[in-house]
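Analysis of the macromolecular model
Chain by chain, the residues:
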Amino acid sequence: MALAITAYGTKVLRKVCDEITADYEGLQVLIDNMWETMYEAGGVGLAAPQVNKAIRLFTVDTVQVYEGMKEDDKEDLFEDEQPVKEVFINAKITGESDEVWADNEGCLSLPDLSGEVERPWAIEIEYYDRDFNKQKKTFTGYNARVIQHEYDHTEGILYVDHLSGISKRLLKGKLNKIAEGKVAPRYRMRFAK
Ligand SMILES: [Zn+2]
């Protein structure tokens, strides 16, 4: 079942989320619903606070993007890395590269907006997968960008927080509109007001 996506302005998007255990009630159903919500809205990632749950859980699927990409873009954004489809539970970023790169980002909680965000090129991350097997992996490029964006959500951080003062000021009016529910995305949203 596709769930409503929380909009900019809802309190849950600003919470530092809690870790969960394998016996978290309804976890597998929630994960299935998050996949469905993400695909229906056309996202490459979705974090639990975006479906109104303040827990450390997010989904990422860069396979769909990768498959539609030109070879040149694949090389630029993925280098030799494979795209990922993965559930991240209780994730902790344990390392990041000094090398950074900027690219345009959007967010399902902030419809019709985008902004250029600088992020580390590579990260090392520890997490549990949906079967609660512990994982420790390194991701680079586009994979690392999407994972960092979703990880930020579990820390109560939005991509607009990374923008420069000027870019942020330019977006202020649009952000207020979202918070007031004055947007009409093609997916179901939950607004603060
Ligand atoms: Zn987002």
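Residues numbered from 1 in each chain as written. Predicted model: local features only at pLDDT ≥ 70, side-chain atom pairs only at ≥ 80, totals over all residues. Heavy atoms only, no water.

Time to look at the pattern of salt bridges. Scanning all chains against the criterion turns up 11 salt bridges. The partner of R130 in a salt bridge is D32, and the shortest N-O contact between them spans 3.2 Å. With R130 in the loop between β7 (122-128) and β8 (134-140) and D32 in helix α1 (residues 27-41), this pair connects stretches of sequence that are 98 residues apart. Judged by its relative accessible area of 24%, R130 is partly exposed. (Salt bridge = Lys/Arg side-chain N within 4 Å of Asp/Glu carboxyl O. Helix = DSSP H or I, 4+ residues; strand = E, 2+ residues; numbered from the N terminus. Buried < 20%, exposed > 50% of the residue type's maximum accessible area, 1.4 Å probe, protein only.)

Attention now moves to the coordination of the zinc ion. Ligation of the zinc ion by protein atoms is provided by C107 (SG), H149 (NE2) and H153 (NE2), these donors lying 2.1 to 2.2 Å from the ion. When the donor residues of the zinc ion are listed from N- to C-terminus, their spacing reads C-x41-H-x3-H. In this pair, C107 is assigned in strand β5 (residues 100-107) and H153 in helix α4 (residues 141-154), connecting sequence segments 46 residues apart. (Donors = N, O, S within 2.8 Å, 3.2 Å for Na, K, Ca; no water.)

Using the criterion set out here, one finds 8 aromatic pairs in the structure. Here W35 and Y39 contribute two aromatic rings whose centre-to-centre distance is 5.9 Å and whose plane-to-plane angle is 15 degrees, an arrangement assigned as stacked. Remark: Y39 and W35 occur in helix α1; sequence separation between them is 4 residues, near one turn of the helix. Plain terms: the ring middles of F88 and F139 are 6.1 Å apart, the flat faces sit at 65 degrees to each other, and that makes the pair edge-to-face. A residue pair is termed long-range when its members are at least 10 positions apart, and F88 in strand β4 (residues 85-96) and F139 in strand β8 qualify at 51 residues. Per residue, the accessibility class of F88 equals that of F139, and both read buried. (Phe/Tyr/Trp six-rings, centres within 6.5 Å; stacked < 30°, edge-to-face > 60°.)

Backbone geometry places E79, a non-glycine residue, at a positive phi of 50 degrees. With respect to the helices and strands, E79 occurs in the loop between α3 (71-78) and β4. In the Ramachandran plot, D112 falls in the positive-phi region, its phi being about 60 degrees despite a non-glycine side chain. Within the element layout of this structure, D112 appears in strand β6 (residues 110-120). Assessed through its relative accessible area of 66%, D112 is described here as exposed.

It is worth spelling out the environment of E36 at this point. Along the polypeptide, E36 turns up in helix α1. Taking C-alpha positions, E36 is 8.1 Å from L3, a pair spaced 33 residues apart along the chain. When near neighbours in sequence (up to four residues on either side) are disregarded, E36 contacts M1 and A2. Separated by 2.6 Å, the side chain of E36 and the backbone nitrogen of M1 make a polar contact. (Contact = heavy atoms within 4.5 Å. Polar contact = N/O pair within 3.5 Å; in protein donor to acceptor, adjacent residues only side chain to side chain.)

Below, the discussion takes up the UniProt feature "binding site: Fe cation" (unreviewed entry) in the protein chain. UniProt records the feature "binding site: Fe cation" (unreviewed entry) at C107, H149 and H153, using the numbering of this structure. In sequence the annotated residues extend across 47 residues, while in space they remain close, none of their C-alpha pairs exceeding 10.3 Å. Its location among the elements puts H149 in helix α4. A relative accessible area of 7% places H149 in the buried class. Excluding residues within four positions of it along the chain, H149 makes contact with E105, G106, C107, R119 and Y159. Among the polar contacts listed, one links the side chain of H149 to the side chain of E105, at a separation of 2.9 Å. (UniProt positions renumbered as here; feature names shortened; annotations may be inferred.)

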